[in-house]
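Observations on chain architecture
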Amino acid sequence: MYRSHTCGELRKEHINEEVTLSGWVQKVRDKGFMVWIDLRDRYGIIQLIFDEERTPKDVLETAQQMGREFVIQVNGTVIERVSKNPNIDTGDIEILVKNITVLNKSKTPPFTIENETDGGDDLRMKYRYLDIRRNPVKNSLIFRHKVGIEVRNYLSNQDFIEIETPYLIKSTPEGARDFVVPSRMNEGQFYALPQSPQTFKQLLMVGGMDKYFQIVKCFRDEDLRADRQPEFTQIDCEMAFVEQEDILNVFEGLTRHLLKEIKGIEIKDFPRMTYDEAMRKYGNDKPDIRFGMEFGELNNVAQHKEFKVFNDAELVVGIAIPGGGSYTRKEIDKLIDWVKRPQVGALGMVYVKCNEDGSYKSSVDKFYDQEDLKAWAEATGAKPGDLICVLSGQANKTRSQLSALRMEMAERLGLRNPEEFAPLWVLDFPLLEWDEESERFHAMHHPFTSPKPEDIKLLDTEPGSVRANAYDLVLNGNEIGGGSIRIYDKDLQSLMFKHLGFTEEEAKAQFGFLMDAFQYGAPPHGGLAFGFDRLVAILGGQETIRDYIAFPKNNSGRDVMIDAPAKIDNDQLKELHIKLNIQE
Ligand code: ASP
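Residues numbered from 1 in each chain as written. Predicted model: local features only at pLDDT ≥ 70, side-chain atom pairs only at ≥ 80, totals over all residues. Heavy atoms only, no water.

Observations regarding the packing of helix α5 (residues 198-206) against helix α14 (residues 504-517)
Helices that pack against each other are described as a pair by the angle of their axes relative to one another and the distance between those axes. The cut-off we apply is this: Inter-axis angles, ranging from 0 to 180 degrees, are taken between N-to-C directions of lines fitted to C-alpha atoms, where helices are fitted over the stretch in contact. Strands are runs of DSSP state E lasting at least 2 residues, helices are runs of H or I lasting at least 4, and numbering of each runs from the N terminus. To sort the angles, those under 35 degrees are grouped as roughly parallel, those over 145 as roughly antiparallel, those from 65 to 115 as roughly perpendicular, and the leftovers as oblique. Crossing handedness: left-handed means the near helix sits turned counterclockwise from the far one by under a right angle, and right-handed means the same turn made clockwise. We call two residues in contact when some of their heavy atoms are within 4.5 Å. In this count, Pro and Cys sit with the nonpolar residues alongside Ala, Val, Leu, Ile, Met, Phe, Trp and Tyr, while Asp, Glu, Lys and Arg are called charged and the others, Gly among them, polar.
The geometry of α5 relative to α14 is characterised by a closest axis approach of 10 Å and an angle of 20° between their N-to-C directions. When the axes of α5 and α14 are compared, the pair comes out roughly parallel. Helix-helix and strand crossings are classified by hand; for α5 and α14 the assignment is left-handed. Here T199, Q202, L203 and V206 of α5 lie close against α14, whose contacting residues are F513, L514 and A517. Broken down by class, the residue content of the contact of α5 with α14 amounts to five nonpolar, two polar and no charged.

Some remarks on the UniProt feature "domain: Aminoacyl-transfer RNA synthetases class-II family profile" (unreviewed entry) in the protein
In plain terms, the rule: UniProt positions are given in the numbering used here, feature names are shortened, and annotations may be inferred rather than shown by experiment.
Those residues carrying the UniProt feature "domain: Aminoacyl-transfer RNA synthetases class-II family profile" (unreviewed entry) are residues 151-552 in this numbering. Helix makes up 31% of residues 151-552 and strand 22%, whereas the separation of the span's terminal C-alpha atoms amounts to 22 Å.

Some words on the nonpolar core
The condition that has to hold: Buried Ala, Val, Leu, Ile, Met, Phe, Trp, Tyr and Cys residues that are joined via side-chain atoms within 4.5 Å together make up what is termed a nonpolar core. Partly exposed residues are those whose accessible area sits between 20% and 50% of the maximum for their type, while under 20% is buried and over 50% is exposed, using a 1.4 Å probe and protein chains only.
Ranked by size, the top nonpolar core spans 39 residues in total, and within it L155, F251, W425 and F530 carry the most contacts. Here the element with the most residues in this core is helix α6 (residues 244-263); it accounts for seven residues. Discounting chain neighbours no more than four positions away, the residues touching F251 are L155, F160, C237, M239, W425, L528 and F530. Counting residues in each nonpolar core, the second largest holds 26 residues, with L335, L387, C389 and L391 among its members.

A short note on the confidence of the model for the protein
As a reminder, the rule being used: Each residue carries a pLDDT score, the predictor's confidence in it, ranging from 0 to 100.
Summary statistics for the protein give a mean pLDDT of 95 and a share of 100% for residues scoring 70 or more. With a pTM of 0.93, the predicted complex shows an ipTM of 0.98.

Digging into helix α15 (residues 532-540)
Among the nine residues in α15, seven count as buried, and that is most of the element. Among all positions in α15, only F532, D533, L535, V536, A537, I538 and L539 are buried.

Examining the UniProt feature "binding site: L-aspartate" (unreviewed entry) in the protein
Here the UniProt-annotated "binding site: L-aspartate" (unreviewed entry) positions come out as E174, R220, H445 and R486. We classify E174 as buried; its relative accessible area is 17%. Beyond its immediate sequence surroundings of up to four residues, E174 is in contact with Q195, S196, Q198, R220, H445 and H446. Assignment of secondary structure puts R220 in the loop between β9 (211-219) and β10 (231-240). Classification of R220 by relative accessible area gives buried; the value is 16%.

What to know about the pattern of salt bridges
What counts here: When a carboxyl oxygen of Asp or Glu lies within 4 Å of a side-chain nitrogen of Lys or Arg, that pair is called a salt bridge.
Taken as a whole, this structure holds 39 salt bridges when the rule is applied. For R40, the salt bridge identified is with E69, shortest N-O distance 2.5 Å. With R40 in strand β2 (residues 34-41) and E69 in the loop between α1 (57-64) and β4 (71-80), this residue pair connects regions lying 29 residues apart in the sequence. In this pair, the class of R40 matches that of E69, namely buried. Between R124 and D121 there is a salt bridge, and its shortest N-O distance comes to 2.9 Å. Of this pair, R124 and D121 are both found in helix α2 (residues 121-126), three residues apart, which corresponds to roughly one turn of the helix.

Looking at the sheet that holds β2
Convention followed: Should DSSP find at least two bridges between two strands, the strands are taken to pair.
With mixed pairing, five strands are arranged side by side around a closed barrel as β1-β2-β3-β5-β4. Direction aside, the axes of adjacent strands within the sheet are offset by 55° on average. Relative to strand β3 (residues 44-51), β2 runs antiparallel, the two being bridged by eight bridges. Residue pairing in the sheet places D41 in a bridge with G44 of β3.

Remarks on the site of the ligand
The test is simple: Distances are taken per atom, and a residue is near a molecule or strand as soon as one of its heavy atoms is within 4 Å of it. What qualifies as a polar contact is a pair of N or O atoms within 3.5 Å, subject to a donor-acceptor requirement within protein and to the restriction that residues adjacent in sequence count only when both atoms come from side chains. Methods summary: accessible areas were calculated by the Shrake-Rupley approach with a probe of 1.4 Å, and residue burial reflects only the protein chains presented.
Taken together, 14 residues sit near the ligand, with E174, Q198, K201, H445 and R486 positioned nearest. H446 is positioned with one of its side-chain polar atoms (N or O) 2.9 Å from an oxygen atom of the ligand. The contact in question runs from an oxygen atom of the ligand to an N or O atom on the backbone of L528, over 3.4 Å. For the ligand, whose accessible area on its own is 270 Å², the fraction buried by protein is 92%. Of all the elements in the fold, those that place two or more residues in the shell around the ligand are α5, β21 (478-485) and β22 (525-531).

Re the sheet that holds strand β15 (residues 360-362)
Strand order in the open sheet made by the five strands is β12-β13-β16-β14-β15, with antiparallel pairing throughout. Lying at the two open borders of the sheet, with one neighbouring strand each, are β12 (296-297) and β15. The pairing of strand β14 (residues 350-354) with β15 spans three bridges and is classified as antiparallel. In the strand pairing of β15, C354 is matched with Y360.

A closer look at unusual backbone geometry
Between A564 and P565 the backbone carries a cis peptide bond, its omega angle lying at 0°. Tracing the backbone through its elements, the reader meets P565 in the loop between α15 and α16 (570-575). Residues other than glycine seldom take positive phi values, yet N16 does so here, at roughly 80°. Turning to its location among the elements, N16 is positioned in the segment before β1 (18-30). Phi is positive for E439, close to 50°, though the residue is something other than glycine.

Here's the deal with α6
Test applied: Expected span of a helix: the number of residues minus one, times 1.5 Å.
Relative to the 28 Å expected for 20 residues at 1.5 Å per residue, α6 spans 28 Å between its end C-alpha atoms, a close match to the ideal helical length. Within two residues after α6, G264 carries a phi angle of roughly 70°, on the positive side.

Notes on the packing of aromatic side chains
Operational definition: Two rings belonging to Phe, Tyr or Trp (six-membered ring only in the last case) form a pair when the distance between their centres is within 6.5 Å. Interplanar angles under 30 degrees mark stacking, angles over 60 mark edge-to-face geometry, and anything in between is tilted.
Within this structure, the stated rule accounts for 20 aromatic pairs. Where F143 meets Y548, the ring centres are 6.1 Å apart and the plane angle is 55°; that geometry is what we call tilted. Taken together, the residues F143 in helix α4 (residues 135-157) and Y548 in the loop between α15 and α16 connect sequence positions 405 residues apart. Taken as a pair, F143 and Y548 share a single burial class, namely buried. Taken together, a centroid distance of 6.3 Å and an interplanar angle of 40° make the contact between F310 and Y368 tilted. Of this pair, F310 sits in helix α9 (residues 308-311) while Y368 sits in the loop between β15 and α11 (370-380); the two residues are 58 residues apart in sequence, bridging distant segments of the chain.

Here's what the structure looks like:
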């Protein structure tokens, strides 16, 4: 028997008990006649004590030779500790050791395995198994497990069934590139890894499974942005015989359940907003509604004077920054530089200081009088003491620039409190999205998303303004889930493929199986998927999803620990019928 107890569970009640413990050596303090070792395992830390008087000589000597991260087994008696340590759960007691066995030695670890470590990101990723021994990482993984359990509990209680779907499949259109896997047995042919189980879950609905979910890996070969993983996990769900309202209710319930069970928070409001409203009010389809700073459109009150920049703009829009009225000239200049950074891309920024005495001082006083500026203050909700920041230009671009400024200022002003949770449904997304590069429409969600019935007639004439029965769940400014009511009619699905630029042959080659299935009694259905990694990170109050993944990839999609991706040898390539064509 390696252990009678864990390193985290012994307390005063156990005094005088004989115990056996196994774990890693966290720290050794050697006074010659006395040695202390902190022993660690997943459950905690406990102090071992060895001394000349009470410990056999050879045991004391072995203890003196212990290095950090050695794996040892000890056996001894629980005794009361002389100087108690209130920082650890076992701080009232210690183990007077009688026997010690070195189960395994360890090289000196490349970084300290403590809550605060001296190891940089790269080093910790290379030795992730050591990083996992540290509390912050270990606790994140345990936290993730708990969230997963609550998801399964809730959905199972609602009669959902977890069903696995295959990983070796054919392309699924979620808008990214596929990771492909060559087939040895089928010369020249490839599987694609699922970008999501989308088509399979729809087929499960045709199969009558009615309420499906799966906590599942998805794979998308995208240019990596910070905090995105090429393989990630979704809580994937689908339901049959439902309307949008039914789906929103179930997953509002799941979100409430998670916040309650995991965070102890009861969510009062679960507001809804259309995509159009989100874009107009926040310039963003995933607005953080924990704070105000709503957009005020100023076209009506700013385009009547001789200020050409505004008069030429499609949109003039501003926000009020609370307390910004006291910013110095230098601070405001810095803000202007910030919006002009290439990542934001504004050409400039007009500002209005709202003085405490009710007067206004702006960067465009030459063009606008106090009455004009008062109207701007009303439109943006600015109060005395605030700073109104105004951007102008092409509508979509300007909105997204102002949204970036809004988020930045909220961050700086500490308005994005990680312990406050504000979910929001964003509804009625556009069905199609124009892609400048390929000069054609793409499905904004995916090609199986149903247009709103009342908008179908616009498909031919105004495809860009057709709205979809598609929805996103936003939490604190993050999109944590998205889904849609699906098309279940073969003809409408064919029409969709046509609008997306598929020829009939292409559609048949890629999605023939789904179209076939739709001819055998497909029920009305819809669903959604939550991004599990992000959801866990937000609930955990951390910024990065990497912290909640045991073995994440780095920003270039590499696993630096196992060194993947890697070359394969010529025999393997040959077996797969693959010839490399790499330009030097
Ligand atoms: N398959 C979709 C996605 O991965 C989710 C859904 O529509 O259910 O975003």
